[in-house]
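Here are the chains, one letter per residue:
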Amino acid sequence: MKELPAFEYFSDPYGHHAFIQEDMLCDCCSTVSSYYHVALSNLDGGDEVHICPACVADGSAAKRFDLVFNEIDGDVSQTIRDIIEHKTTGIISWQEHSCEVHCKDACIYLGQADAQDLANASHSNKASWMNAVGRSVDEWASFIEGRPNEDFVVDKYQCRHCGETVLVYDLS
């Protein structure tokens, strides 16, 4: 079995269930791995493929099965775009997922935020969210009361350069 690779833009894909822990034969490299990711091939038929972490990390699965694991919007280099789209496993999300960008780089996915993260959100996060829902930043405390919850999940990212926490909500 191959050693489990680390992912530059995903702090703990094994702990955050981006990979399923079970011995499985990788459809890309034909090696048995103790973890695998399930994706739908963009090739004819759209078959489900089981991919080991090594084939995600080195980009071979994306190339072989014409996969894009994550979208990324924003001003980043083509190298970073390639790492996010083809060499970083995606997260489980109700909406189409796009990796967050800060300081002209992709942010590191840290997992789901908790109530304390929302209470400590930066002013820029608060302003962005409240503007999106047509409310004032002054209403933040009442807006986040009882959140996150099963219908209002918040993903937590961190900028690799300035360390700012970026929070993004995901509604069911």
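Residues numbered from 1 in each chain as written. Predicted model: local features only at pLDDT ≥ 70, side-chain atom pairs only at ≥ 80, totals over all residues. Heavy atoms only, no water.

Sorry, what's going on with empty space enclosed by the protein here?
Vacant regions in the atomic arrangement are exposed by a probe of water-molecule size rolled over the atoms. Applying the stated criterion to the full structure yields one cavity of 30 Å³ or more. Here the largest cavity is characterised by a volume of approximately 70 Å³. If you trace the largest cavity, you find it lined by Y9, F10, N70, I84, T88, T89, I91, H97, C99, C107, Y109 and Y157. Tallied by class, residues from the lining of the largest cavity come to eight nonpolar, four polar and no charged. (1 Å grid on protein atoms, 1.4 Å probe; cavity = no way out; pocket = protein on both sides within 12 Å on 5 of 7 lines; lining within 4 Å. Points joined across faces, edges and corners; volume = space filled by probe spheres on them. Nonpolar A, V, L, I, M, F, W, Y, C, P; charged D, E, K, R; others polar.)

It is not clear to me how helix α3 (residues 78–86) should be interpreted in this structure. Could you clarify?
Within an α-helix, residues lying three or four positions from one another point in the same direction, as the helix has 3.6 residues per turn. Here α3 has its buried residues at I80, R81, I83, I84 and E85. On its buried face, α3 is in contact with β4 (71–72), β5 (98–99) and β7 (105–106). (Buried < 20%, exposed > 50% of the residue type's maximum accessible area, 1.4 Å probe, protein only. Helix = DSSP H or I, 4+ residues; strand = E, 2+ residues; numbered from the N terminus. Contact = heavy atoms within 4.5 Å.)

Is there a simple way to think about unusual backbone geometry in this case?
Negative phi values dominate among residues other than glycine, just as trans dominates among peptide bonds. Of note, the amide linkage connecting R147 to P148 takes the cis form, showing an omega dihedral of -5°. Residue position: P148 is located in the loop between α6 (140–144) and β9 (152–158). Of note, the phi angle at C103 is positive, near 55°, even though the residue is not glycine. Its location among the elements puts C103 in the loop between β6 (101–102) and β7. Under the relative-accessibility criterion, C103 is labelled partly exposed at 41%.

Quick question: what am I supposed to make of the layout of surface pockets here?
Computed from the structure, the largest pocket encloses a volume of approximately 410 Å³. Broken down by element, the lining of the largest pocket gets its largest block of residues, four residues, from strand β2 (residues 32–40). In terms of residue class, the lining of the largest pocket is built from nine nonpolar, eight polar and two charged. In this structure, the second largest pocket occupies an estimated 200 Å³ of space. Looking at the second largest pocket, it is lined by 11 residues, and the ones nearest its centre are H16, I92, Y109, Q112 and D155. Of all the secondary-structure elements, those providing two or more residues to the lining of the second largest pocket are β8 (108–112) and β9. Residue composition of the lining of the second largest pocket, grouped by class: five nonpolar, four polar and two charged.

Can you walk me through the sheet that holds β2 in this structure?
Strand pairing in a sheet relies on backbone hydrogen bonds. The paired strands run either parallel or antiparallel. Spatially, β1-β2-β3 is the arrangement adopted by the three strands of the open sheet, whose pairing is antiparallel. The open sheet terminates on both sides in strands that have one partner only, identified here as β1 (20–25) and β3 (48–51). Mean inter-strand twist for the sheet, computed between neighbouring axes without regard to direction, equals 60°. Both β1 and β2 contribute to a ladder of four bridges, which runs antiparallel. The residue of β2 that forms the bridge with Q21 is Y35. (Pairing = 2+ DSSP bridges. Axes fitted to C-alpha atoms, helices over the stretch in contact; angles between N-to-C directions.)

Would you mind showing me how to read the sheet that holds β9 here?
Pairing within the open sheet is antiparallel, and its three strands lie in the order β8-β9-β10. The open sheet has two edge strands, β8 and β10 (165–171), and neither has a second partner. Strand-to-strand twist in this sheet, taken as the mean axis angle between neighbours without regard to direction, amounts to 30°. As defined by bridge partners, β9 adjoins β10 across seven bridges and the pair is classed as antiparallel. Following the sheet pairing, K156 is matched in β10 by L167. Along the sheet, helix α5 (residues 123–132) makes contact with β9 and β10, crossing β10 at roughly 25°.

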